[in-house]
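Understanding the architecture of this molecule
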Amino acid sequence: MSADSTNLQSLGWDELVALKRRLAGELKELTDKIVEIDKNQMHSITDSIRDQRSTLDTHTERLRQIRSVVEKHNAELLAVSDRISQSKNFLSIMEARLPSEKDEDLHIAIQKNQALLDAKDYRSERGKNEIMSRVKEASMKLEAIKATRTTKEQLSQLTQESGKIGTAIRQVEEERDSLRAKLSEINGKLDELYNAKRKLAPERDTHLGKYDYITKQFDAINARLDAMSAMRKKQREEYGYGLPSDALFKVKEEARKKLEAGSKLSFEELKLLYGEKD
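For clarity, every value in this text was computed on a predicted model and none was experimentally measured.

Within the protein chain one finds six helices and zero strands. In the protein chain, the succession of α and β elements from N to C terminus is α-α-α-α-α-α. Buried positions account for 27% of the 278 residues belonging to the protein chain. Within the protein chain, contacts between residues separated by at least 24 positions form 74% of all contacts whose residues are at least 6 apart in sequence.

If you walk through the whole model with that rule in mind, you get 14 salt bridges. Of the charged contacts, one joins Arg62 and Glu175 as a salt bridge, the two residues approaching to 2.8 Å between their closest N and O atoms. With a gap of 113 residues between them, Arg62 in helix 2 (residues 13–97) and Glu175 in helix 4 (residues 125–239) connect regions that are remote in the sequence. A relative accessible area of 27% places Arg62 in the partly exposed class. Classification of Glu175 by relative accessible area gives partly exposed; the value is 30%.

This paragraph deals with the nonpolar core. Ranked by internal contacts, the top residues of the largest apolar core, which has 14 residues, are Ile45, Ile49, Leu56, Ile66 and Leu190. Mapped by element, the contributors of at least two residues to this core are helix 2 and helix 4. Beyond its immediate sequence surroundings of up to four residues, Leu56 is in contact with Leu183, Ile186, Asn187 and Leu190. Counting residues in hydrophobic clusters, the runner-up holds 12 residues, among them Leu16, Leu23, Leu30 and Phe218.

Turning our attention to helix 2. Over its 85 residues, helix 2 extends 122 Å from the first C-alpha to the last, a length consistent with the 126 Å expected when each residue adds 1.5 Å. Residue Ile37 marks the point of greatest curvature in helix 2, where the axis turns by about 40°.

Looking at the element boundaries, Leu106 is found in helix 3 (residues 103–118). Distance from Leu106 to Lys141, taken between C-alpha atoms, is 7.7 Å for residues 35 residues apart in sequence. Those residues in contact with Leu106 that lie beyond four places of it in its chain are Pro99, Glu101, Ala138, Lys141, Leu142 and Ile145.

Let's shift gears to helix 3. Helix length check: helix 3, at 16 residues, gives a terminal C-alpha distance of 22 Å against a target of 22 Å (1.5 Å per residue), a fit within 8%. Along helix 3, the residues classified as buried are Asp103, Leu106, Ile110, Asn113 and Leu117. One side of helix 3 carries all its buried residues, which in axial view fall inside an arc of 110°. Exposed residues on helix 3 whose side chains face more than 90 degrees from its buried face are Glu104, Ile108, Gln111 and Lys112. Positive backbone phi, approximately 55°, marks Lys120, located one or two places after helix 3.

Moving on to the side chain of Thr151. You can see Thr151 is positioned in helix 4. A residue is classified by how much of its surface remains accessible, and Thr151, at 9% relative accessible area, is buried. Reaching out from Thr151, the side chain makes a polar contact with the backbone oxygen of Ala147 at a distance of 2.7 Å. Apart from residues no more than four positions distant in its own chain, Thr151 is found in contact with Ser87, Phe90 and Leu91.

Backbone geometry places Lys120, a non-glycine residue, at a positive phi of 55°. Overall, the relative accessible area of 60% leaves Lys120 in the exposed class.

Mapped onto the fold, Gln41 is located in helix 2. Along the sequence, Gln41 and Leu200 sit 159 residues apart, while their C-alpha atoms lie 8.3 Å from each other. With near-sequence residues (within four places) excluded, Gln41 lies in contact with Glu36 and Leu200.

Below, the discussion takes up the confidence of the model for the protein chain. Fine structural detail should not be taken from predicted coordinates in areas where pLDDT scores are low. Of all residues in the protein chain, 82% attain a pLDDT of 70 or more, and the chain-wide mean is 83. Of all the helices and strands in the protein chain, helix 6 (residues 267–274) carries the lowest mean pLDDT, 60, while helix 2 carries the highest, 90. Ignoring residues within four places in sequence, the model shows residues 240–245, a span with pLDDT below 50, making six contacts including any to other chains.

Thresholds, definitions, all that
Residues numbered from 1 in each chain as written. Predicted model: local features only at pLDDT ≥ 70, side-chain atom pairs only at ≥ 80, totals over all residues. Heavy atoms only, no water. Helix = DSSP H or I, 4+ residues; strand = E, 2+ residues; numbered from the N terminus. Buried < 20%, exposed > 50% of the residue type's maximum accessible area, 1.4 Å probe, protein only. Contact = heavy atoms within 4.5 Å. Salt bridge = Lys/Arg side-chain N within 4 Å of Asp/Glu carboxyl O. Core = buried A, V, L, I, M, F, W, Y, C linked by side-chain atoms within 4.5 Å. Expected span 1.5 Å × (residues − 1). Bend = angle between axes of the 7 residues up to and from the residue. Arc of directions from axis to C-beta. Polar contact = N/O pair within 3.5 Å; in protein donor to acceptor, adjacent residues only side chain to side chain. pLDDT = per-residue confidence, 0-100.

See below:
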């Protein structure tokens, strides 16, 4: 029900009081809505935004750490891969040149020929050189076998190390993918929260507009009631309690309407309008 000035002039005391009571209820309802937005909804959204941004910053920092870890592991993996490649190249060369003899046979041959040298069991310098050559050849074959075996062991260790580094990289990459998914989810939630926060502003403005409008109506009703109260007092002073409530006030209102419409007023009506200030 709109309480503009035209409608107010047609309402009696009881109707104005009832309207005032209803408007007071509407003002309280609007006040509650505004307080709900300011203290509850806006506060809750602001807290949620702060929490989401804190989580976002934590995840973003962890992503930076993961990038650093991945770069470090990749560098380690590259170094190990280079060593594996070198070991494989070495083995491909050495295995083609490995002697057919076993380690034990070569050790025996070295000991046997070394014993001949120690006992000087040779007839000439040429014989001595031949024995020394056999010792040297057997030693070189033995060293080749040892080098091949050592390289194979190193290759096995490097392969295991490469596997561990690869596993570590996969683990941090899985964590990275999980964090990226969480960041996407958080950004979605933040968009929703910011949208909700933006929507609260026009909603609050709408409530304030209604509040201001009803406040003006409320003030107009109070002014009307004050005028009617003053007229009631004057009516009782001049005419006693014989007239119905607000009768003089209504007569004055009718006189005012006639004046505004350009109609001729009686002396009593003019006196009522321009007499003593009520």
